[in-house]
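# Summary of the model geometry
So you can see what is in the structure, the chains are spelled out below.
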Amino acid sequence: KQEVTQIPAALSVPEGENLVLNCSFTDSAIYNLQWFRQDPGKGLTSLLLIQSSQREQTSGRLNASLDKSSGRSTLYIAASQPGDSATYLCAVSSGNTPLVFGKGTRLSVIA
Amino acid sequence: DGGITQSPKYLFRKEGQNVTLSCEQNLNHDAMYWYRQDPGQGLRLIYYSQIVNDFQKGDIAEGYSVSREKKESFPLTVTSAQKNPTAFYLCASSIGPTYGYTFGSGTRLTVV
């Protein structure tokens, strides 16, 4: 059964810093990996979707990489801003089964 | 604009009551999903449906029921058999299980 782990559980950084969030998964036979953002009390907003054949995806200040063989993905946020403060969730799709989620990393960017 | 609408935003349930959470999408997606979110536990899958008139149990289906009579709608009923229903419930949809998901804004259910 697929398991997804996100480290660290919480992270606090000063504004302007570059940072990396980590995601690992136990079964490397995935179709895709998706990163989401969740603000308190809100639904999930999709940030980046990486197909299994891809190595990375970029959107603005965000870059997500995927290393399927080692079961790892990273989300890189450049020049962090207070508006980036949120919980970031990683989820993987394996076969014909729905997304399996990690527990998330709660990010605080301090002005 | 296309999207997913969940209602109500807040719902209160008395002991022994069944309540139904609504999820409607106009994205023409075939697949729809219900997840439950508890503090510190991440999202856990309750039920999912890949096509109309068909659905499958997720990891925590006990005490819940669903129907998929229309492509656009996937309501979730929290029955009295669910002993600890207080949680944040999220509905999502996708073209298929290997495509990106779109989420609704969630329903917060509280037992009173």
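What counts and what doesn't
- Residues numbered from 1 in each chain as written.
- Chains lettered and ligands numbered in written order.
- Predicted model: local features only at pLDDT ≥ 70, side-chain atom pairs only at ≥ 80, totals over all residues.
- Heavy atoms only, no water.
- Helix = DSSP H or I, 4+ residues; strand = E, 2+ residues; numbered from the N terminus.
- Rg over C-alpha atoms; globule rule 2.2 N^0.38 Å.
- Buried < 20%, exposed > 50% of the residue type's maximum accessible area, 1.4 Å probe, protein only.
- Contact = heavy atoms within 4.5 Å.
- Areas by Shrake-Rupley, 256 points an atom, 1.4 Å probe, with all protein chains shown as cover.
- Lys, Arg positive; Asp, Glu negative; His and termini not counted.
- Charge placed at Lys NZ, Arg CZ, Asp CG, Glu CD.
- Core = buried A, V, L, I, M, F, W, Y, C linked by side-chain atoms within 4.5 Å.
- Buried area = accessible area lost by both parts, 1.4 Å probe.
- Salt bridge = Lys/Arg side-chain N within 4 Å of Asp/Glu carboxyl O.
- Polar contact = N/O pair within 3.5 Å; in protein donor to acceptor, adjacent residues only side chain to side chain.
- Phe/Tyr/Trp six-rings, centres within 6.5 Å; stacked < 30°, edge-to-face > 60°.
- Pairing = 2+ DSSP bridges.
- Axes fitted to C-alpha atoms, helices over the stretch in contact; angles between N-to-C directions.
- 1 Å grid on protein atoms, 1.4 Å probe; cavity = no way out; pocket = protein on both sides within 12 Å on 5 of 7 lines; lining within 4 Å.
- Points joined across faces, edges and corners; volume = space filled by probe spheres on them.
- Nonpolar A, V, L, I, M, F, W, Y, C, P; charged D, E, K, R; others polar.

### Quick look at the overall build of chain B
Secondary structure summary: chain B contains zero helices and 11 strands in total. The helix and strand sequence of chain B, counted from the amino end, reads β-β-β-β-β-β-β-β-β-β-β. For a compact globule of 112 residues, the expected C-alpha radius of gyration is about 13 Å, and chain B comes in at 13 Å, within 12% of that figure. For chain B, the spread of C-alpha atoms along the three principal axes comes to 35 × 25 × 25 Å. Counting all 112 residues of chain B, 49% fall into the buried class. For chain B, restricting intrachain contacts to residue pairs at least 6 apart in sequence, the fraction spanning at least 24 positions comes to 53%. When the accessible surface of chain B is summed, it comes to about 5,300 Å², and 47% of that surface belongs to carbon and sulfur atoms. Taking the 11 positively charged and 10 negatively charged side chains of chain B as two groups, their mean positions are separated by 7 Å.

### Focus: the nonpolar core
Ranked by internal contacts, the top residues of the largest apolar core, which has 22 residues, are Phe25, Leu33, Trp35, Leu75, Ile77, Tyr88 and Leu107 of chain A. Listing elements by their share of this core, those giving two or more residues are β3 (19–25), β4 (32–38), β5 (44–51), β7 (62–67), β8 (72–77), β9 (86–93) and β11 (105–110) of chain A. Excluding its chain neighbours within four sequence positions, the residues that come into contact with Leu75 of chain A are Leu19, Val20, Leu21, Trp35, Leu47, Leu48, Leu62, Asn63, Ala64 and Tyr88 of chain A. By size, the runner-up hydrophobic cluster in this structure holds 20 residues, among which are Ile4, Val19, Phe74 and Cys91 of chain B.

### Focus: the interface of chain B and chain A
Counting residues at the interface gives 23 residues for chain B, matched by 23 residues for chain A. Between chain B and chain A, a total of about 1,600 Å² is buried, with carbon and sulfur atoms accounting for 55% of that surface. Broken down residue by residue, the surface that chain B buries against chain A is led by Thr98, Tyr101 and Phe103 of chain B, which jointly contribute 31%. Linking chain B with chain A are one salt bridge, by the criterion used here. Across the pair Lys1 of chain A and Asp59 of chain B runs a salt bridge whose closest N-O atoms are separated by 3.9 Å. Viewed at the interface, chain A and chain B are joined by four residue pairs in polar contact (both at pLDDT 80 or more). Mapped onto the side of chain B that touches chain A, the elements with two or more residues apiece are β4 (31–38), β5 (42–51) and β9 (87–94) of chain B. Ranked by the residues each element gives to the side of chain B that touches chain A, the list is headed by β5 of chain B, at five residues.

### Points about the packing of aromatic side chains
All told, the structure shown has 10 aromatic pairs over all chains when counted by the stated rule. Between the aromatic rings of Phe101 of chain A and Phe103 of chain B, the centroid separation amounts to 6.0 Å while the plane-to-plane angle is 80°, which identifies the pairing as edge-to-face. A residue pair is termed interchain when its members come from two chains, as with Phe101 of chain A in strand β10 (residues 100–101) and Phe103 of chain B in strand β10 (residues 102–103). Relative accessible area serves as the criterion here: at 9%, Phe101 of chain A is assigned to the buried category. Judged by centre distance (6.1 Å) and plane angle (40°), the ring pair of Tyr35 of chain B and Phe103 of chain B falls under tilted. With Tyr35 of chain B in strand β4 and Phe103 of chain B in strand β10, the pair connects residues that are 68 residues apart, well separated along the chain.

### Some remarks on the sheet that holds strand β1 (residues 4–7) of chain B
Residue and element names in this part refer to chain B. The strand order β1-β3-β8-β7 describes an open sheet built from four strands, whose pairing is antiparallel. Looking at strand neighbours, the two that pair on one side only are β1 and β7 (64–66), the edges of this open sheet. Averaged over neighbouring strand pairs, the angle between their axes works out to 20° when direction is ignored.

### Overview of the pattern of salt bridges
For the structure shown, the criterion picks out six salt bridges over all chains. Among the charged side chains, a network of salt bridges with common partners joins Arg36, Asp38 and Arg44 of chain B.

### What about the layout of surface pockets?
Empty space within the largest pocket amounts to approximately 540 Å³. Lining of the largest pocket is provided by 25 residues; of these, Lys1, Gln2, Val100 and Phe101 of chain A together with Asp59 of chain B occupy positions nearest its centre. Within the residue set of the lining of the largest pocket, elements represented by two or more residues are β1 (4–7) and β10 of chain A together with β5 of chain B. Split by residue class, the lining of the largest pocket holds 10 nonpolar, nine polar and six charged. Roughly 300 Å³ of internal volume is contained in the second largest pocket. Lining the second largest pocket are 18 residues, and of these Gln38 of chain A together with Gln37, Asp38, Pro39 and Gly40 of chain B lie nearest its centre. Taken together, the elements giving at least two residues each to the lining of the second largest pocket come down to β9 of chain A together with β4, β9 and β11 (107–111) of chain B. The dominant element in the lining of the second largest pocket, judged by the number of residues it contributes, is β11 of chain B, at three residues. Of the residues contributing to the lining of the second largest pocket, the split by class is six nonpolar, nine polar and three charged.

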